[in-house]
Amino acid sequence: METVFFIVPALRDENTYFLFRDYGIEIKFTFINGIIKIIGKGFFNNEELLFINENFL
């Protein structure tokens, strides 16, 4: 079974996004000079990282 995730832009922080997984995990991340930086705790699985690289960078 594959994980369903949603990426939503942050309302107040520029160039910052939230990734929500279907089972209640939230990851806040941003891009700094083309590099993905996670703010706080968490990690991306391979499918999520590939999606971010293809659609956001």
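See above for the structure.
Every value quoted in this text rests on a predicted model; they were computed, and no experiment measured them. Position labels on residues start from 1 in each chain and follow its written sequence. Side-chain atom pairs in this predicted model are given and counted only at pLDDT of 80 or more, local residue features only at pLDDT of at least 70, and totals for whole chains, interfaces and linings cover all residues. The basis for every side-chain value is the complete set of heavy atoms in the structure, and neither hydrogens nor water enter the calculation.

## Re the packing of aromatic side chains
Point 1. In this analysis, rings of Phe, Tyr and Trp, with Trp reduced to its six-membered ring, are considered paired at centre separations within 6.5 Å, and the interplanar angle assigns stacked below 30 degrees, edge-to-face beyond 60, and tilted for intermediate values. Taken as a whole, this structure holds eight aromatic pairs when the rule is applied.
Point 2. When the ring of F31 is compared with that of F56, the centres are 6.3 Å apart and the planes differ by 25 degrees; the resulting orientation is stacked. Of this pair, F31 sits in strand β3 (residues 26–32) while F56 sits in the segment after α1 (46–55), and the two are 25 residues apart along the sequence.
Point 3. Remark: exposure states derive from per-residue accessible area (1.4 Å probe, protein chains only) relative to the maximum for the residue type, with buried under 20%, exposed over 50%, and partly exposed in between. Judged by its relative accessible area of 10%, F31 is buried.
Point 4. Joined through ring pairs, the aromatic side chains of Y17, F29, F31, F44 and F56 make up one cluster.
Point 5. Only Lys NZ and Arg CZ are tested; either one counts as a charge over a ring when it is within 6 Å of the ring centre and within 35 degrees of the ring normal. A cation over a ring is seen here: R21 above F43, with NZ or CZ 5.3 Å from the ring centre. Numbering of helices and strands runs from the N terminus, with a helix taken as a DSSP run of H or I at least four residues long and a strand as a DSSP run of E at least two residues long.

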